[in-house]
Amino acid sequence: MYSCKVVQTAKVGIDGKPIVNSSTKSKAVKAFFIDSTLVKKHLYTLASDEMEGRKAGTEGIEKAAKYIENEFEKLDLKTFGNLQSYRQTFDFENRRTKENITSSNIIGVLEGKSKKDEYVIVSAHYDHLGKKKRGEGDLIYNGANDDASGVAAVLVLAKYFKEMGNERTIVFAAFTAEEMGLIGSTHFGKGIDASKFVAGINLEMIGKVPSFGPNTAWLTGFERSDFGKIIQNNLEGTGYQLFPDPYKKYNLFFRSDNASLARLGVPSHTFSTTPIDVDPDYHKLTDESETLNMTVITQTIQAVAKGTTSIINGKDTPKRVVIKEYK
């Protein structure tokens, strides 16, 4: 369950349980336990039929936006930049249908302490494919894995770092219209000073056991910066492993919202667990909450929290990404 307290240990295992031995009993640190019940609540709410598949520009995604806003408000997150609310609303044209759409990124900020002018962004896209136009039976693309799982992680990580503290400022972003071509994250990137963003932590489809086995995840663009190696070092001894993206032929580094910031030089990468080459539910009506493994999601969130803490607290700074060729 969720708790934040002082325990007599210097380490917390990837399962959230304190590791105590004779050499660490004298040290007191905060321990924070990821609550799988809260993870499930966020996931099942965002992927419910009520959200109608969360397609950008629809009433369904508006319901999801309000839910995320409410969770940010509970944590008393600040608004981003000159925004008057958590919403970054803008208009764009659907490249396929030429329809004009109004939609919003939902952005909350947890101000840092000693390095508040240095930013780390934690993101996921909250839009999906909406509803099938015709047919019988289930017509809703619920998008549980893609990407309600990632948004649930963003919300839980916001609570985690609110409790644990952060030296650098953290921007928590739920991007819209990723499914229409990274529209929301691209719009966000146009309005920032990218030099102030030291890292991007994007989460996409973290609800299934990876091809590497339990207690693993993979990272897109691993070779493009030392971000992944920093995470690997921080996860040593936890029993959780991070691997480079094994699906190079799919060009996944450029297919999620991390790419919008990476193209600006930010070492921004996507964490995922799903074996995308054999996943039967990707962009299908069957991408339902019940198909996901809550243990995988919870443990991955815990791993991301632990793995990125040295970046959040300013100890480690990943090298910048150089994109020589747009893909």
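Keep in mind that this is a model prediction, so the values were computed, not measured.

Draft legend 1. Local environment of the packing of helix H1 (residues 36-46) against helix H7 (residues 294-312). Remark: H1 packs on H7, axes separated minimally by 10 Å, with the N-to-C direction vectors making an angle of 110°. Put simply, H1 runs roughly perpendicular to H7. In terms of crossing hand, the pair formed by H1 and H7 is right-handed. Seen from H1, the contacting residues are Ser-36, Val-39, Lys-40, Leu-43 and Tyr-44; seen from H7, they are Met-294, Ile-297, Thr-298 and Ile-301.

Draft legend 2. Structural view of the confidence of the model for the protein chain. Considering every residue of the protein chain, the mean pLDDT works out to 91; 89% of them sit at 70 or more. Ignoring residues within four places in sequence, the model shows residues 1-13, a span with pLDDT below 50, making 52 contacts including any to other chains.

Draft legend 3. The sheet that holds strand S9 (residues 197-203), seen in detail. Reading across from one edge, S5-S6-S8-S7-S9-S12-S10-S11 is the order of the eight strands in this open sheet, with mixed pairing throughout. Two strands in the sheet have a free side with no partner beyond their single neighbour: strand S5 (87-93) and strand S11 (241-244). Geometrically, the sheet is characterised by an average inter-axis angle of 25° between neighbouring strands, direction not taken into account. The pairing of strand S10 (residues 216-219) with strand S12 (residues 268-272) spans two bridges and is classified as antiparallel.

Draft legend 4. Region of the structure containing the environment of Thr-295. By the element assignment, Thr-295 lies in helix H7. Owing to a relative accessible area of 46%, Thr-295 belongs among the partly exposed residues under this scheme. Note: C-alpha distance between Thr-295 and Gly-207 (88 residues apart in sequence) is 8.5 Å.

Draft legend 5. Spatial organisation of the environment of Leu-110. Looking at the secondary structure, you find Leu-110 in strand S6 (residues 100-110). Each C-alpha atom, one on Leu-110 and one on Phe-72, is 9.9 Å from the other, the two residues being 38 residues apart in sequence. Apart from the residues lying within four places of it in its own chain, the contact partners of Leu-110 are Leu-77, Ala-158, Phe-161, Lys-162, Asn-166, Arg-168, Thr-169, Ile-170 and Phe-172.

Draft legend 6. Just the pattern of salt bridges, in detail. All chains considered together, the criterion is met by 10 salt bridges. Salt-bridge contacts for Arg-87 lead to Glu-69; the nearest nitrogen and oxygen are separated by 2.9 Å. Taken together, the positions of Arg-87 in strand S5 and Glu-69 in helix H2 (residues 59-74) put the pair 18 residues apart, joining distant regions of the chain. Because the salt bridges share partners, they merge into one network encompassing Glu-62, Lys-66, Glu-69 and Arg-87.

Draft legend 7. Broad picture of the packing of aromatic side chains. In the structure shown here, the tally under the stated rule is 12 aromatic pairs. Between Phe-188 and Phe-197 the ring centres are 6.1 Å apart and the planes differ by 90°, which places this aromatic pair in the edge-to-face class. You'll find Phe-188 and Phe-197 in the same group, each marked buried. Between the aromatic rings of Tyr-247 and Tyr-250, the centroid separation amounts to 6.3 Å while the plane-to-plane angle is 50°, which identifies the pairing as tilted. Take Tyr-250: its relative accessible area is 26%, and that puts it in the partly exposed class. We note Lys-40 situated over the ring of Tyr-44; from NZ or CZ to the ring centre the distance is 5.3 Å.

Parameters and conventions
Residues numbered from 1 in each chain as written. Predicted model: local features only at pLDDT ≥ 70, side-chain atom pairs only at ≥ 80, totals over all residues. Heavy atoms only, no water. Axes fitted to C-alpha atoms, helices over the stretch in contact; angles between N-to-C directions. Helix = DSSP H or I, 4+ residues; strand = E, 2+ residues; numbered from the N terminus. Parallel < 35°, antiparallel > 145°, perpendicular 65-115°, else oblique. Left-handed = near helix turned anticlockwise from the far one by under 90°. Contact = heavy atoms within 4.5 Å. pLDDT = per-residue confidence, 0-100. Pairing = 2+ DSSP bridges. Buried < 20%, exposed > 50% of the residue type's maximum accessible area, 1.4 Å probe, protein only. Salt bridge = Lys/Arg side-chain N within 4 Å of Asp/Glu carboxyl O. Phe/Tyr/Trp six-rings, centres within 6.5 Å; stacked < 30°, edge-to-face > 60°. Lys NZ or Arg CZ within 6 Å of the ring centre and 35° of its normal.

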